[in-house]
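Topology and contacts: notes
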Amino acid sequence: MDSVTSSRTPHRIHAQALLTLWENGKWKQNIRGWTSADTTGDTDHTSWSINQNFPDGSRLCTEWKDLSGRVLPGMACLIIHR
């Protein structure tokens, strides 16, 4: 996998996203730390270059937080299929 992009609406001031790896339903590691988002209209988005392979069935997940540091509800995940 070369890169991952995550986006969310509505826009939050100074939103940041975190990319994590989950295996067997459990947190395994942070792939990329909290990264400031770019904004287009009402959508925040962040992209990371990763150039890594991940085990079949693992999940790459993103979480978002706002200016106050509050983690926003929901976690978007991508399931790896080999």
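Take the nonpolar core next. Membership of the largest hydrophobic core comes to 13 residues, with the highest contact counts inside it found for V4, L19, I31, W48, I50, F54 and L60. Of all the secondary structure elements, the ones that give two or more residues to this core are β2 (16-23) and β6 (59-65). Looking at this core element by element, the count peaks at 3 residues for β2. Discounting residues that sit within four places of it in the chain, I31 has contacts with L19, T20, L21, I50, Q52, F54 and L60.

Turning next to the side chain of S6. Within the fold, S6 resides in strand β1 (residues 3-8). Look at S6 and you get buried, because its relative accessible area is 6%.

Criteria and cut-off values
Residue numbers here run from 1 along each chain, matching the order of that chain's written sequence. The model is predicted, so local features are restricted to residues of pLDDT at least 70 and side-chain atom pairs to those at 80 or more, both for listing and for counting; the totals for chains, interfaces and linings are taken over all residues. The basis for every side-chain value is the complete set of heavy atoms in the structure, and neither hydrogens nor water enter the calculation. In plain words, nonpolar cores are sets of buried Ala, Val, Leu, Ile, Met, Phe, Trp, Tyr and Cys residues tied together by side-chain atoms within 4.5 Å. Residue burial is assigned from relative accessible area. The probe radius is 1.4 Å, only protein chains are included, and a residue is buried under 20% of its type maximum, exposed over 50%, and partly exposed in between. Put simply, DSSP marks the helices as runs of H or I at least four residues long and the strands as runs of E at least two long, and each gets a number from the N terminus on. Contact criterion: two residues are considered in contact whenever any of their non-hydrogen atoms come within 4.5 Å of each other.

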